[in-house]
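# Topology and contacts: notes
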Amino acid sequence: MKKKLGFDAAIEKLSRRTANKTGRRGFVGKLGGILVGATLLPLLPVDRRGRLKEAHAADASNLDLAREGWVPQDQDPQSCDYWRHCSIDGNVCDCCGGTLTSCPPGTSLSPSSWVASCYNPGDQQTYLIAYRDCCGKQTCGQCACLNTEGELPVYRPEFSNDIVWCFGAENDDMTYHCTISPVVGKAS
Amino acid sequence: MTIFNLKSKLRQQGLVGGIAAAALMTAAYPALADIAIEEMTLEVAPASDSKRVYVTDPGHFQMTSQVFTIDGNNNKILGMSDAGKLPHVLVGDKGNFMAIANTWYDRIARGNRDDYIEVFDTQTHKVTADIDIPEGRFLTAVFTHMATLSTDDKHMMFQQFSPIPAVGLVDLEANKFVKMMDTPDCYHLFPAPEQNVYMHCRDGSMLKINYDDEGNATQTHSKVFHPEDSYLVNEPYYSDVTNRLAWPDYEGRIYQAKLTADGAEFMDPIDVFTKEEKAEKWRPGGWQLVTIHNDSNELYLLADKRGKWTHKTPSRYVFVVDANTGERLRKFELKHEIDSIAVSQDDKPYLFAVSANEQTLYTFDAKTGKKIGETAGLGRYPHILTLPQDSE
């Protein structure tokens, strides 16, 4: 018998091992499951608000809109143009396992904040928002927004959204995860 | 680990071993076919020149960052350096070294914090010094002037915001941290000759700090040079060669000063936009949105038609004016959404422009505005440009 080269032997070994561990029925069953699942998936009720936001973010014309200035809405708190987010720079905690007023599990709520006056088109009132960062984990990455309505330079830090506002967070973790947008009063 | 898991793992390892052997054999076949074995080496980047560009990608406040070294002459990536959270990248000694101020946590985003300075040789990209500093770097979206080298490259300084405002002094000759120097409510660091550094204060004045090698400092305030409601952007242009500061406000008015050992000499502000352009809503916008070619005294401002309070949204146009008079020299369209610009300081200057959303560095002829090249795929959200100011 012709001696097999190492390459052939390795491939044969790999094939035999795969065949031993994979039944044809199992393979067909799994394939069927995938096909049926793929067919049914679009029919399931899923939240597509995120997709809408992604489409906007990826669309160059969105920057044209952003340059026109701030036009808030009061329907979708996970969208960057939600009225409370008028001066947010970072990730909306509502998209990261938190809410508009609570941090996601496992993070810590910083006691420090920056502030902005945001107009709510729903009741036509302007409110004071004290943005608070949730800290102690890597950046969430979801619903990244850069809004600068009334935002001031870093030499006016109380109105600056570029600072990692994790001062005083648990264990002094100066690491940014996401931002909540609680109302703390009426601005007008 | 259970016995079952152990067996399963051993089986997997056997499979991996088999695949590795197969790959090795595949790689070895050409050698058997009498092909010369190629020599394998470590690359060394060419010496820095005025068109060397460092593009920093801090992500969106991510724990790790990347600093890409790019030869702006041909848009070739020469290497990459690692950095921690929100790093400051400083280039000194005519581009021969790069210092990066880092923050790092031993449990990724929590645990013990470690701040340190790494110094790199810009050709080998190897670390030549590692200097521990107190855990006090002011962590913001990266503002390039919140850390600086001294004009003679002997010292490096970084800003602390909490628990008290201060500036950290690092001795780069002795490779050691010296002292935190207390400061009032002031921001940014602009080095001036004879061991002076300036900061901009909340009241609109400049603070001059004169320091000795032990970190003993004296401080002097200048006059207030801009009104309270003229908001200065976070990224001014400053040359540590000419010591000229050019600082746009949100509306396109440029405040300027020369920062010397004797004090700050303020110039009359210039307006980049005409009355008609202001009516058409032309305003500056982006991150590093102003740069000056020192020898020709040409100031470049990144701008677009935009509403109020959109000062960080990218722009598609550059206005070029005489930095002394504000006289319009050129205006060109970049045709990309640009966050930051920087001009090289040689006599055939290139304008480098980075788009964070496109993760691409674009290169333009600074005189004609013609696009020359591009480097794509620069990480996640690259938006910081660092060029040597004093290259030969």
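Criteria and thresholds
Residues numbered from 1 in each chain as written. Chains lettered and ligands numbered in written order. Predicted model: local features only at pLDDT ≥ 70, side-chain atom pairs only at ≥ 80, totals over all residues. Helix = DSSP H or I, 4+ residues; strand = E, 2+ residues; numbered from the N terminus. Rg over C-alpha atoms; globule rule 2.2 N^0.38 Å. Buried ≥ 20, exposed ≤ 12 C-beta atoms within 10 Å, placed from the backbone. Contact = placed C-beta atoms within 7 Å. UniProt positions renumbered as here; feature names shortened; annotations may be inferred. Pairing = 2+ DSSP bridges. Axes fitted to C-alpha atoms, helices over the stretch in contact; angles between N-to-C directions. Nonpolar A, V, L, I, M, F, W, Y, C, P; charged D, E, K, R; others polar.

### Some remarks on the overall build of chain B
In terms of helices and strands, chain B carries 2 helices and 30 strands. Whereas a compact globule of 392 residues would reach a radius of gyration of roughly 21 Å, chain B reaches 24 Å, a difference of no more than 12%. By principal-axis analysis of the C-alpha atoms, chain B measures approximately 75 × 50 × 40 Å. Relative to its full complement of 392 residues, chain B shows a buried share of 47%. Of all intrachain contacts in chain B linking residues separated by at least 6 positions in sequence, the fraction that spans at least 24 positions is 47%.

### Observations concerning the UniProt feature "modified residue: Tryptophylquinone" (unreviewed entry) in chain A
Residue and element names in this part refer to chain A. When the UniProt feature table is mapped onto this chain numbering, "modified residue: Tryptophylquinone" (unreviewed entry) sits at Trp 114. Mapped onto the elements, Trp 114 comes out in strand β2 (residues 108–120). Among the residues examined, Trp 114 registers 24 C-beta atoms within 10 Å and is labelled buried. Residues in contact with Trp 114, not counting those within four places in the same chain, are Tyr 131, Glu 158, Phe 159, Ser 160, Asn 161, Ile 163 and Trp 165.

### Brief notes about the sheet that holds strand β26 (residues 340–343) of chain B
Residues and elements named next belong to chain B. Taken together, 4 strands build an open sheet; the order of strands is β26-β27-β28-β29 and the sheet is antiparallel. A single partner strand is all that each edge strand has here, and the edge strands are β26 and β29 (371–375). The mean inter-strand angle of the sheet, taken between neighbouring strand axes irrespective of direction, is 20 degrees. Where β26 meets strand β27 (residues 350–355), 4 bridges bridge the pair, whose relative direction is antiparallel. Bridge assignment links Val 343 to a residue of β27, and that residue is Leu 351.

### Comments concerning the interface of chain B and chain A
Contact residues are listed per partner, giving 41 residues for chain B and 39 residues for chain A. Mapped onto the side of chain B that touches chain A, the elements with two or more residues apiece are α1 (3–32), β6 (110–121) and β23 (298–305) of chain B. Counting residues per element, the side of chain B that touches chain A draws most heavily on α1(B), which supplies 7 residues. In terms of residue class, the side of chain B that touches chain A is made up of 19 nonpolar, 13 polar and 9 charged.

### What to know about the environment of B:Ser205
Along the chain, B:Ser205 falls in the loop between β13 (196–201) and β14 (206–211). With residues near it in sequence (within four places) discarded, B:Ser205 still touches B:His221, B:Ser222, B:Lys223 and B:Val224.

### Some details on the pairing of strand β12 (residues 186–192) of chain B
Residues and elements named next belong to chain B. Counting buried residues along β12, 7 of its 7 residues qualify, which places the element largely inside the surrounding structure. Taken together, the 5 bridges between β12 and β13 define a ladder with antiparallel strand orientation. Residue pairing in the sheet places Tyr 187 in a bridge with His 200 of β13. Connecting β12 to the next strand, β13, in antiparallel fashion are 3 residues, including Glu 194 with a positive phi near 60 degrees.

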